[in-house]
Amino acid sequence: MDKTEARVPRSRSAAVVQQSLRHTLRKSGPAGELLLLGLFCLIWSSAFAPAKIALVDCPPLLLLATRFLAAGLLCLALGRWRGEGAWPDGRALATLILLGLLNNAIYLGLSWSGMQTVSSGFTAVLISANPLLTAAIAGPVLGERMTLAKAGGLLLGLVGVTLVVRSRLGGGMEAGPGTLLVAGGLISLVAGTIAYKRLAPQGVGPWTGNGFQLLAGGLALMPVALTVEDAGSVRLTLPLVLTYLWMVLGVSVGGYFLWFRILARRSATAASSLHFLMPPLGLGFGWLIAGESVPAGDLIGILPIAAGIALVTRPGRRALP
């Protein structure tokens, strides 16, 4: 989801779904579109704070593996119900497995493991740097031209992230090893974003493609989780059940449902510009749901981060010489 150039695959069945979604959105008008955008931002920004609560009663890798498997099966079922057609061929399946490993298993496996010792708001701020790093790497790897807006956005984002990290680590609020794990998750997410831009499989419907990525992440994490974590430590509490249901149905399924509807109306680049809302919303959910403090350094740092993300994800007109 953090793919700054994500797009709906161009299969015939997917095109039918996309046309239907466009028709629905046109009837809803600007107010309906704004509602969808607002709901997507709220849902996607809320992913980390409930995870912090769930980690009290369940180890991170076990929680993620079961979440991916459940959400993956639901997405495949939705793809069949929506008439997305044939499943991926060998090449497309290999690509989806790679994307599932990078964007699900490694990214969330590392970042959720890191959240055992760092706050969810801090994690959300670090992960929100994905569009910034992707914009920096897209030039040499994908041949994308660096614009003045992107260059300014990268500088602003770097300043903001530095302020937040320095404030948190300097104040002893976050653990260094946990921060490194989250940073590793961010690197995996950036690699997954670049891989998607370069290898995005064609002829696969959005629900089907997302379902196979989730299943790949779940199947990869499950043996690791059963090896390094104690399944007997899981406590079936009400907070765990509620947060788990939210992460499967609300985030993994509901979030993607809104994303596909947004892409049916807006360009991928315009839709991705919504990422600038993620840092403040991530901190807000951490404060509201997990009871985490928000120091002044965070409030100062998220301003240039948000501005930087807004700049790097909007279409540029003037390229640097």
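As annotated in an unreviewed UniProt entry, the chain is EamA/RhaT family transporter from Zavarzinia aquatilis. UniProt lists a comment for the chain under the heading Subcellular location (unreviewed entry), and it reads "Membrane". Of the chain, the UniProt comment under Sequence similarities (unreviewed entry) reads exactly: "Belongs to the EamA transporter family."

Focus on the nonpolar core
Counting 60 residues, the largest nonpolar core has Phe40, Phe48, Leu63, Trp112, Met115, Ile127 and Leu221 as the members making the most contacts within it. Sorting elements by how many residues they give to this core places helix H10 (residues 238–265) first, with nine residues. If we ignore the near neighbours within four places in the chain, the residues touching Met115 are Phe48, Ala51, Lys52, Leu55, Ser120 and Thr123.

Side note on the packing of helix H12 (residues 278–289) against helix H13 (residues 296–312)
For the pair H12 and H13, the least separation of the axes is 8 Å and the interaxial angle reads 145°. Facing Pro279, Pro280 and Leu283 of H12, the residues of H13 in contact are Asp298, Ile302, Ile305 and Ile309.

As for helix H3 (residues 60–81)
With 22 residues, H3 extends 31 Å between its outermost C-alpha atoms, agreeing within 8% with the 32 Å of an ideal straight helix rising 1.5 Å per residue. Remark: Gly83 follows H3 within two positions and exhibits a positive phi of approximately 70°.

Describing the pattern of salt bridges
In this structure the tally under the stated criterion is one salt bridge. Across the salt bridge formed by Arg235 and Asp57, the nearest N and O atoms sit 2.6 Å from each other. Of this pair, Arg235 sits in the loop between helix H9 (206–228) and H10 while Asp57 sits in the loop between helix H2 (48–54) and H3, and the two are 178 residues apart along the sequence. We classify Asp57 as buried; its relative accessible area is 7%.

About the criteria used
- Residues numbered from 1 in each chain as written.
- Predicted model: local features only at pLDDT ≥ 70, side-chain atom pairs only at ≥ 80, totals over all residues.
- Heavy atoms only, no water.
- UniProt positions renumbered as here; feature names shortened; annotations may be inferred.
- Core = buried A, V, L, I, M, F, W, Y, C linked by side-chain atoms within 4.5 Å.
- Buried < 20%, exposed > 50% of the residue type's maximum accessible area, 1.4 Å probe, protein only.
- Helix = DSSP H or I, 4+ residues; strand = E, 2+ residues; numbered from the N terminus.
- Contact = heavy atoms within 4.5 Å.
- Axes fitted to C-alpha atoms, helices over the stretch in contact; angles between N-to-C directions.
- Expected span 1.5 Å × (residues − 1).
- Salt bridge = Lys/Arg side-chain N within 4 Å of Asp/Glu carboxyl O.

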